Every structure is written in structure tokens, then in C-alpha cells.
Amino acid sequence: MTTNEPLRCLLLQVRDPDDPMSGHEIASFERALSPRAVRIEIFDLLERLLTPPDLEGVDLVLMGGSGAYSAATGGPWFPTALDSLRTVHASGVPSFASCWGFQAMAAAMGGEVVNDRSRAEIGTHGLRLTPAGRDDPVFGHLDSSFKAQMGHEDLVKTLPPRATLLASSSRVANQAYRFDDAPVYCTQFHPELDVSGIKARLSAYPRYLAEVAGETYEEIVARLEETPETTRLLTRFVEVLVGK
């Protein structure tokens, strides 16, 4: 493949058919990965088990948010989804997971995910790199303190084995990690979202405003900031890990 050819990306989704953010998520990853041309296909983790043949010819696996589903509470579909993520980890295909993907990959590989609304983060929040993050080829281009878009009430309490912590926030220690034995990076925050994107998520899931954030839409939006350097994590990931 030359750099003029689109990357074949498989986006693993856990979303209901009527979730308006399904298409929005595709567009968000396309924007964040530009100027690279990408061809994003959807794999529905709610429907069936992902197997090694599903990854043949795939250059990059992506995982994002989940709408109505939780990696802390799970459901009948969850064990199969975790088996799918173990297949991704074992495949050697470069993979980037944000938000629900970050949590579910941790659960799949032996970490612990919990629900804790007292540590929910919604909107633009500050983070800091760990020493390993500052030395990391993907994260190391960021300032030691940086900001990112977030929207979560579940969190990773314990990292899985063979994972290296890359970033933390004042409220949640485990904000980003990489696996030492696979080309897989995971972030609690959303590098694929800009201010327009996080506004769309807030509008699509209004329960976060009252139930989780305890704030109005206007109050959260007033504090939003653009985070272009964090968005570039995705193109940097492609440069370092995909190498095409």
C-alpha cells in the first residue's frame, strides 16, 4: 500500500441501530485521521463475535464510545464482545480505542472497570503525561499538561497486566495506556472529537447533563476548548504504528 491509498479501518461499535452518533463517530474519526484517506467499515459487537478472518486486510482497528452501553455493568452481549477484543489484541493489527473501547479493552485483558459518577468527566478537561507518556513515540509530542474532550461515568480502576500508563487527570488516574505486548493504545478521552463533536454528543445524550454532570448544556459548553494537539494523537499513531 502506498500513502495515496486509503487505510482500511474497522470501527468496532456498540450502538443501537437508531443511535444518531453511529454515523457521527465515523465522521469524527475520518476528520481526526485526515489528511490520510481512510475507508471505515463498521463491525457491530452487539451482533456477533469478531474472528481472525474479519481482520484480514485491515490496517487499523478503531473503537470509540457506546451510547447506551456500559463496560462496567455489561450485559448478555458483553462476554462475546470481550472475546472479540482479545482477538484484536492477539492479532497484531494496530488498534486505537477511546472511551468505551478504552474501558472494554482493559476489562477484556484483565483490568477492572467500575461506575463512579463522583469522578465523571464531561467536556474539556486537563490531563498530564506520566514519565512513560513523555517518552512514548505517540504521546511524547504532547505538552506535559494537555487538554482533551471527555464524556464518561465509568472508569478503569485497575489497568490490565502488561499495560503502561501514559496519562492521568486530577480526578481519574488511568486516562491512557498502551499494551507492552501488542500495538494497542487506549484513551479514556476522545481524541477524535473537537468542540463541535462534543456538543453533538451532549445534545444526543441529554441524560448526561442532569443525571451525570449535574449541569446545564450551556454551563458545560461555556468551558469547552478546542484541542487540536490531542486530536493529532491519531495521525501520530498511524505514522508510528501503521507505518503506511
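Whatever comes next refers back to the structure up there.
Below, the structure is looked at part by part. Every chain is numbered on its own, with residues counted from 1 as its sequence reads. Per-residue local features of the predicted model are confined to residues with pLDDT of at least 70, and side-chain atom pairs are confined, for both listing and counting, to 80 or more; whole-chain, interface and lining totals are unaffected and use all residues. The basis for every side-chain value is the complete set of non-hydrogen atoms in the structure, without hydrogens or water.

Attention now goes to the environment of G133. Labels follow the DSSP assignment, with helices taken as runs of H or I lasting at least four residues and strands as runs of E lasting at least two, numbered in each case from the N terminus. Tracing the backbone through its elements, the reader meets G133 in helix 4 (residues 131-135). Each residue is assigned to one of three classes by its accessible area relative to the maximum for its type, calculated with a 1.4 Å probe on protein chains only: buried under 20%, partly exposed between the two thresholds, exposed over 50%. Taking relative accessible area as the criterion, G133 reaches 0% and is therefore assigned buried. Any pair of residues with heavy atoms lying within 4.5 Å of one another is described as a contacting pair. The residues touching G133, leaving out its near neighbours within four places in the chain, are F139, G140, L165 and L166.

Attention now goes to the layout of surface pockets. Definitions used throughout: a 1 Å grid over protein atoms alone; a cavity as a set of points that fits a 1.4 Å probe which cannot get out; a pocket as an open set with protein on both sides within 12 Å along at least five of seven lines; a lining residue as one with an atom within 4 Å of a point. Grid points are joined across faces, edges and corners, and a volume is the space filled by probe spheres set on the points. Roughly 390 Å³ of internal volume is contained in the largest pocket. Elements that contribute at least two residues to the lining of the largest pocket include exactly helix 3 (100-108), strand 7 (145-152), helix 5 (195-204) and helix 6 (207-213). Amino acid classes used here: Ala, Val, Leu, Ile, Met, Phe, Trp, Tyr, Cys and Pro are nonpolar; Asp, Glu, Lys and Arg are charged; the rest, including Gly, are polar. Here the residues of the lining of the largest pocket sort into 11 nonpolar, 10 polar and 5 charged.

On to helix 5, then. Considered for burial, the residues of helix 5 that qualify are V195, G197, I198, R201 and L202. Each buried residue of helix 5 sits inside an arc of 160° when the element is viewed along its axis, so together they form one side. By definition, the arc is the one covered by directions from the helix axis to the C-beta atoms.

This paragraph deals with the pattern of salt bridges. For this analysis, a salt bridge means a side-chain nitrogen from Lys or Arg found within 4 Å of a carboxyl oxygen belonging to Asp or Glu. This model, assessed by the stated rule, comprises 15 salt bridges. Measuring nitrogen to oxygen at the nearest pair gives 2.6 Å for the salt bridge that ties R178 to D136. Residue R178 is located in strand 10 (residues 176-179), and its partner D136 is located in the loop between helix 4 and strand 7; the two are separated by 42 residues in the primary sequence. Residues E229 and R232 are paired through a salt bridge, measuring 2.2 Å at the closest nitrogen-oxygen approach. Remark: R232 and E229 occur in helix 8 (residues 228-242); sequence separation between them is 3 residues, near one turn of the helix. Judged by its relative accessible area of 39%, E229 falls in the partly exposed class. Among the charged side chains, a network of salt bridges with common partners joins R8, R39 and E41.

Here the focus is helix 2 (residues 78-91). One full turn of an α-helix is made of 3.6 residues, so residues set three or four places apart face in the same direction. Helix span, expected: 1.5 Å multiplied by one less than the number of residues in the helix. In a regular helix each residue adds 1.5 Å, so 14 residues correspond to 20 Å; helix 2 covers 20 Å between its end C-alpha atoms and thus fits that length. When helix 2 is considered as a whole, its buried residues turn out to be F78, A81, L82, S84, L85, T87, V88 and H89. Buried residues belonging to helix 2 abut strand 1 (7-13), strand 3 (60-63), strand 4 (95-98), helix 3, strand 10 and strand 11 (184-187). Downstream of helix 2 by a residue or two, G92 has a phi angle that is positive, lying close to 85°.

Structurally, the position occupied by L49 is in the loop between strand 2 (38-44) and strand 3. Along the sequence, L49 and G75 sit 26 residues apart, while their C-alpha atoms lie 15 Å from each other. Among all residues touching L49, those that are not within four sequence positions of it are F43, D54, T80, D83 and S84.

The amide bond that connects S34 to the next residue, P35, takes the cis arrangement and shows omega of 15°. Structurally, P35 can be placed in the loop between helix 1 (21-33) and strand 2. Despite not being glycine, C99 has its phi angle at roughly 55°, a positive value. Examined against the element boundaries, C99 turns out to sit in the loop between strand 4 and helix 3. For R162, which is not glycine, the phi torsion reads 60° and is therefore positive. For R162, the position within the fold is in the loop between strand 8 (154-158) and strand 9 (163-168). By relative accessible area, R162 is classed as partly exposed at 48%.

That is the geometry; function is a separate question.
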